[in-house]
Amino acid sequence: MAIAPSGRESDGVRGRARAIALPGTRTRAGALPGLWRAAQGWLLDRLAEEAEAGRPALWLPVAFGVGCAVYFAAAHEPELWAAALAFGISAGLVVAARKRFLILGLAVGLAAVAAGFLAGKLATIRADAPVLARPMSAEVVGRVALIEPRENARRRVTLEVERFGPLEDEDLPRRVRFTLGPEPAFTAGDRVSLEAFWRPPEGPVRPGGYDFARVAFFNGIGASAFAPKNVKAWGPAETQGWDAALQRLRERLTKRITAAVGGPEGTVAAALVTGVQGPIPQPTEDALRAAGLSHILSISGLHMALIAGTLFALVRAALALIPGLALRWPVKGVAAALALAGATFYLALSGAEVATQRSYVMIAVAFVAVLVGRPALSLRNFALAGLAVMALTPDALLGPSFQMSFAAVAGLLAWFEARKGKAKPPPPETLAGKALRWFAAAAAVAVMTTIVAGLATAPFAAYHFHRTTPYSLVGNALATPLLGIIVMPSVVGGLAFAPLGLDGPWWQAMGFGLRGVLAIAETVASWPGSERFVFAFGETALILFAVGIAWLCLWRTALRYLGAPAIGLALALAAFPARPDVVIDASGRQIAARGPDGRLAILGGRASSFSARVWRGADGEAPGGPSPDGGRCDSQGCVAPLSGGGEVALVTDARAFAEECRIATLVVTPLVAPKACSETAAVVDRRTLAATGALELTRQGVAFSAKAARDPAGRRPWTGPMLRDPPPAEALRLSFATQPKAAGPPQDHKIVDPTEPDDMTGDGEEP
């Protein structure tokens, strides 16, 4: 990231860039068409300008992120020696090519990719801990690491395990998580014992969806449970670390703020200070999301900038009022140092989520730049922040928080950078004119930042959450002034006066501002079409969106507009995604089948279940809306018509196999299906799902092609142990053939007499 060369050095860079021609170009220059030569010359000139400005260095975090993504996309766990060797070879290429302009750039990019791949492997080694191999009932004893309040006085507790039933020390999960009510009372650092039915962390509920098992693995969670019993608190553990003290401080502040403010705005106020979002009522979350304001609940760039900026301005102004200090001390540097200290405390207090980490690193780089007399805000600082976050937590790259946070900041920095070169009109002569211009400029900046950030994050929000908020511009334009003028300064005052017990008025002022924010959110959310659902699209479109946005933001010349084709192709792919005909959860107990009307009908469970809401949301429907009534169920299972003809049967009782395998086009079951069933129907049973996780099936003539949540032939640390009884090889080809069924009226779902002689009774064993 060297300073851009000038003069003769600039000519040298431009000359080396012009040497980047296709092989043989010099010898055939006269034969090339004039248009091609002009295009090549234009491209090389633009590349030379970008090189002079040091812009290629901004692509190092992109290359590092590509390496991280390649690591996580691998079907089998890469070996450490192979990742280290790849990085060593690429580093050697950098040294060997240090005198060759083009080859050096390619070698540095390759080394960054290898470094990202190695960082992913090292992060997995650091996080590696035993994961519960199979569901089991057991008593667990451990130390409370984290308590996350939820609605209705419930709590989600993370426990550091000391003893887990009959498991030996080498098999103990590092941490477990469970949910319970308000009793018994305990806090972070206390020892707790409980009995529960424990399960390994579950994978995605649909292929390509949020991978709970991977996130739990990197958080050290090896098992989870609901509705525990015989929960006993034994008081503080013998060893108490600073993390327990910090968690207790978060708990006290959360209760204190919630009680001082009251109402839904009290839970939002606590979330803005301590990062605890669980107690926020669902209607409040829905309103904020529909108004495009849900980002205020995640402590990120806006909050960190307002907190640190307020501290910086207050300290600098206070020191400037004392002539002796202002003349002898570097007031600006002192203010930057104290603001950085305050931002560090806020990072720890708020839980240090990914978006907060990114914001903190950028703030830290900016204040360090102030201390050494360099520009505070730039894309180079942003690039350093990206490298730092990915090096520390490579898995964060795959989550919506990282992607949306960095996309928004990249877009905003690129837009502010583009505005710098524009000529400003002469200032007005009157005070009223100056004030009017200031307000107009502030309003224009607020509107444009909302538009830029909204456009940059929209593809990632659509991919992860399958929804868009058309009125987010209005919601943010109205709510941001309240956040900046009232809410966040009140956070600074409340935290500063809390040790003195004088923080109450600050929290009440914060609540006043948040009541206005929530009123705006509820008003905007009530408008027709405030929240629109879109079809889930694939990873290819997401990658094209990311490449196109990065291309637009990281280049500064007209070269940036070459990213438009990638965005256009991504839009085309996202507008016409492949929609599955059947979705099956990992247990095989609930499915969604697309009926003749084109909508998904939920079979085998509540239409309001988490899986059902995710499936319908990915299909472009409001998860809370009415579900199609396309299935028929009884005590042995369910059947439903398919859009391409035939029926799908969900069999939960072995007595129904004989009838359903004869009639249905597709049979899904949490049991082990009899072998004869696959001769007359496509079959997905317990053995297949144990290897694949959740499945999406798409009709292709007389067969179904499948997309699995995990590679059935692969193995990663977060996908669980290898199967002792793997499914047959033909079941792992993820192509389920079926025999054509004779056309006829729909068959009733009948209970089969278990005494009827038939070779298709199955074993009926529960998983």
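Above this text is the structure in question.
Residues numbered from 1 in each chain as written. Predicted model: local features only at pLDDT ≥ 70, side-chain atom pairs only at ≥ 80, totals over all residues. Heavy atoms only, no water.

1. Some details on unusual backbone geometry
Omega for the bond connecting Glu-183 with Pro-184 falls within 30 degrees of zero, at -5°, which places this linkage in the cis form. Relative to the helices and strands, Pro-184 resides in the loop between strand E3 (175-180) and strand E4 (190-198). Its identity as a non-glycine residue notwithstanding, His-466 has a phi of 60°, on the positive side. Within the secondary structure, His-466 is located in the loop between helix H16 (431-465) and strand E7 (467-468). (Helix = DSSP H or I, 4+ residues; strand = E, 2+ residues; numbered from the N terminus.)

2. Quick look at the sheet that holds strand E16 (residues 682-684)
Here we have five strands laid out as an open sheet, ordered E12-E13-E14-E15-E16, and mixed in their pairing. One side of each edge strand has no neighbouring strand; the edge strands of this open sheet are strand E12 (632-634) and E16. When the angles between neighbouring strand axes are averaged without regard to direction, this sheet yields 15°. With three bridges joining them, E12 and strand E13 (residues 637-641) adopt antiparallel strand pairing. Pairing of Asp-634 across the sheet is with Gly-637, part of E13. (Pairing = 2+ DSSP bridges. Axes fitted to C-alpha atoms, helices over the stretch in contact; angles between N-to-C directions.)

3. Looking at the nonpolar core
Counting residues in hydrophobic clusters, the biggest one holds 51 residues, and the most contacted among them are Ile-257, Val-273, Phe-367, Leu-495, Trp-507 and Met-510. Of all the secondary structure elements, the ones that give two or more residues to this core are helix H7 (242-261), helix H8 (263-274), helix H9 (282-290), helix H10 (301-320), helix H12 (331-349), helix H13 (354-371), helix H17 (472-497) and helix H18 (504-525). It is H12 that provides the largest number of residues to this core, a total of nine residues. Apart from residues lying up to four places away in sequence, Ile-257 is in contact with Gly-262, Gly-266, Ala-269, Ala-270, Val-273 and Trp-507. In terms of nonpolar packing, the next biggest core, distinct from the first, is built from 43 residues, Phe-64, Ala-407, Leu-542 and Ile-567 among them. (Core = buried A, V, L, I, M, F, W, Y, C linked by side-chain atoms within 4.5 Å. Buried < 20%, exposed > 50% of the residue type's maximum accessible area, 1.4 Å probe, protein only. Contact = heavy atoms within 4.5 Å.)

4. A short note on the environment of Pro-228
You can see Pro-228 is positioned in the loop between strand E5 (221-226) and strand E6 (229-236). When the C-alpha positions of Pro-228 and Gly-181 are compared, they lie 9.7 Å apart, and in sequence the two are 47 residues distant. Every residue in contact with Pro-228, bar those within four places of it in the chain, is listed here: Phe-178, Thr-179, Leu-180, Leu-194, Glu-195 and Ala-196.

5. Some thoughts on helix H19 (residues 539-554)
In this model H19 runs 22 Å from its N-terminal to its C-terminal C-alpha over 16 residues, within 8% of the 22 Å that 1.5 Å per residue would give. Check the buried side of H19 and you find it contacts helix H3 (60-73), helix H14 (379-392), helix H15 (400-420), H16 and helix H20 (564-575). (Expected span 1.5 Å × (residues − 1).)

6. Re the packing of H19 against H20
The geometry of H19 relative to H20 is characterised by a closest axis approach of 8 Å and an angle of 155° between their N-to-C directions. On the basis of their axis angle, the class for H19 and H20 is roughly antiparallel. Every pair of crossing elements has a handedness; the one defined by H19 and H20 is left-handed. Here Thr-540, Ala-541, Leu-544, Phe-545, Gly-548, Ile-549 and Leu-552 of H19 lie close against H20, whose contacting residues are Ala-566, Ile-567, Leu-569, Ala-570, Leu-571, Leu-573 and Ala-574. (Parallel < 35°, antiparallel > 145°, perpendicular 65-115°, else oblique. Left-handed = near helix turned anticlockwise from the far one by under 90°.)

7. Some remarks on the pattern of salt bridges
Enumeration over the complete set of coordinates arrives at 25 salt bridges. For Glu-160, the salt bridge is made with Arg-143, and the minimal N-O distance between the two is 2.7 Å. Taken as a pair, Glu-160 in strand E2 (residues 155-164) and Arg-143 in strand E1 (residues 136-149) lie far apart in primary sequence, 17 residues in all. Judged by relative accessible area, which is 10%, Arg-143 ranks as buried. Its salt-bridge partner being Glu-539, residue Lys-707 comes within 3.9 Å of it at the nearest N-O pair. Separated by 168 residues along the polypeptide, Lys-707 in strand E18 (residues 703-708) and Glu-539 in helix H19 bring together distant segments of the chain. The exposure class assigned to Glu-539 is partly exposed, which follows from its relative accessible area of 35%. One connected set of salt bridges, linked through shared partners, spans Asp-286, Arg-289, Arg-467 and Glu-531. (Salt bridge = Lys/Arg side-chain N within 4 Å of Asp/Glu carboxyl O.)

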